[in-house]
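# Results of the structural survey
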There are 2 protein chains.
Amino acid sequence: MSAVSSTVNVGRPRAFDIDTALEKALEVFWRKGYDGTSLSDLTEAMGINKPSLYAAFGNKEQLFLKAIELYESRPCSFFLPALEKPTAYQVAEHMLHGAAMNMADQAHPQGCVVVQGALSCSEAAATVKEALLNRRVEGEQKLRARFEQAKLDGDLPASADAETLARYLGTVLQGMAIQANNGATSEQLRQVAEMTLQAFPRAG
Amino acid sequence: MSAVSSTVNVGRPRAFDIDTALEKALEVFWRKGYDGTSLSDLTEAMGINKPSLYAAFGNKEQLFLKAIELYESRPCSFFLPALEKPTAYQVAEHMLHGAAMNMADQAHPQGCVVVQGALSCSEAAATVKEALLNRRVEGEQKLRARFEQAKLDGDLPASADAETLARYLGTVLQGMAIQANNGATSEQLRQVAEMTLQAFPRAG
DNA sequence: AGGGTTATTTACCGACTAGTACAAATATCT
DNA sequence: AGATATTTGTACTAGTCGGTAAATAACCCT
């Protein structure tokens, strides 16, 4: 009895690469949102038939959730790396600059799928809407925890409000996602990042 | 031959109030987005049947556009009144505080329908998506024009970049819409507004 | 009262939705 | 080669989508 029995090479082999198919699905969800994406959109973009999609990913909802996981685990992701910068200011700086670069990048849909994937949506999308909402809130909680650590480290003044700083930064990052959808360029978003940083307390 | 023949009181009278029906439609679109809203959702909320909806509003797309017009013409709307404040700083202040109050108001869906009504959507929603995008961009252009006037008035330094100031403010306002969807309260948004204003140049 | 006009109700349309049953195809294991 | 396991393509389901045809109801005007 193998502990990884599901990886045993038996039966007809899958004719498509499951990771690139998921990439394609992510791109469609990103552009059209959960409600705006049909299974035909997905199968066409992924280059597979519906039974293959259901066998590999469960259903539309599970496929979406897996696509979001892929989105956040990408090498080009900027959020988690920025959190590890040595000072609070540098965290904010790298996060804002990373967002400016990433969200307007023409190599993929503009904005952020966590923001725009299921913002206002049907009841059928309630689960994925909540999943995205939780991700946004958790992101801000991570920022807040990082800024509280910064106060202990002394690179934020003791008077600083970590929660408000995190919410301010989250607000600008989420606003940048809308801006990117509006057609803003990375350079324009970088200017917004600079302005945002002017309100950010430096070492104290 | 009357120039206002359509207002002549002839034929069976409409059994519903067209303005309150449009209010109801707006609320549904606001909560569920264009793609996420079905005609059944609309007719149920509006308390009318489909033929009445089509006779009064055209179709789903035209109903949405009329709902957006209503949204922007509301007495509680904060955008245009804020533009008329005497200085650039006061414009920004009133706009941010108005947004903080309005977007988290529990009397209606949270956020802003112009932001979340059709952000990522199907091809069927392309027209309304573009209409909303144009409204967002036009709002920022109005802000920019107001700030350029402020430079002439001398309540913004000549070195200020009106375009970037407008985009920064637009970014925060749009971000606030997401925050309100995340469950942020008016008080929390007001704190974000205060931080935002710290980066805003005062009289110079 | 009767004609003209408009709104309402009911029932329907074809197209599309997410999801699946089933049989043929393709691999490994014995 | 044959048995077993899995994926594939085709064809289908029941339900919902946006939108409408047609008959009836309710009003004004003469």
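Structure's up top.
Everything in this summary refers to the structure shown in the same document. Note that this is a predicted model, so its numbers are computed, not measured. (Residues numbered from 1 in each chain as written. Chains lettered and ligands numbered in written order. Predicted model: local features only at pLDDT ≥ 70, side-chain atom pairs only at ≥ 80, totals over all residues. Heavy atoms only, no water.)

## Quick word on the pattern of salt bridges
Tallied over the entire structure, the rule returns 18 salt bridges over all chains. Among the salt bridges present, the one from aspartate 41 of chain A reaches lysine 32 of chain A, with a minimum N-O distance of 3.3 Å. Exposure remark for lysine 32 of chain A: the relative accessible area of 7% places this residue in the buried category. Between arginine 135 of chain B and glutamate 72 of chain B there is a salt bridge, with the nearest N and O atoms lying 2.4 Å from each other. Taken together, the residues arginine 135 of chain B in helix 8 (residues 126-153) and glutamate 72 of chain B in helix 4 (residues 60-72) connect sequence positions 63 residues apart. Its relative accessible area of 28% is what places arginine 135 of chain B among the partly exposed residues. (Salt bridge = Lys/Arg side-chain N within 4 Å of Asp/Glu carboxyl O. Buried < 20%, exposed > 50% of the residue type's maximum accessible area, 1.4 Å probe, protein only. Helix = DSSP H or I, 4+ residues; strand = E, 2+ residues; numbered from the N terminus.)

## Regarding the protein's contact with DNA strand D
Surveying the vicinity of DNA strand D reveals 23 residues, the closest of which are Ala15 and Asn49 of chain A together with Leu39, Lys50 and Tyr54 of chain B. Protein-adjacent atoms of DNA strand D, using a 4 Å cutoff, are sugar or phosphate at a proportion of 68%. Interatomic distance of 2.7 Å between a backbone N/O atom of alanine 15 of chain A and a phosphate oxygen of DNA strand D. At 2.8 Å from a phosphate oxygen of DNA strand D is found a side-chain nitrogen or oxygen belonging to serine 52 of chain A. Only helix 3 (50-57) of chain A together with helix 2 (39-46) and helix 3 (50-57) of chain B provide two or more residues apiece to the surface near DNA strand D. At three residues, the largest contribution of residues to the surface near DNA strand D is made by helix 3 of chain B. Looking at the surface near DNA strand D residue by residue, the class counts come to nine nonpolar, nine polar and five charged. (Near = heavy atom within 4 Å. Polar contact = N/O pair within 3.5 Å; in protein donor to acceptor, adjacent residues only side chain to side chain. Nonpolar A, V, L, I, M, F, W, Y, C, P; charged D, E, K, R; others polar.)

## Some words on the packing of helix 9 (residues 162-182) of chain A against helix 10 (residues 186-198) of chain B
It is at 9 Å that the axes of helix 9 of chain A and helix 10 of chain B come closest, and there the two elements cross at 80 degrees. By the angle class used here, helix 9 of chain A and helix 10 of chain B are roughly perpendicular. Residues Glu163, Thr164, Leu165, Arg167, Tyr168 and Thr171 of chain A of helix 9 of chain A form the contact with helix 10 of chain B, whose participating residues are Gln188, Gln191, Val192, Met195 and Thr196 of chain B. Across the contact of helix 9 of chain A with helix 10 of chain B, the residue classes break down as four nonpolar, five polar and two charged. (Axes fitted to C-alpha atoms, helices over the stretch in contact; angles between N-to-C directions. Parallel < 35°, antiparallel > 145°, perpendicular 65-115°, else oblique. Contact = heavy atoms within 4.5 Å.)

The quantities given are spatial measurements derived from coordinates; they are silent on function.
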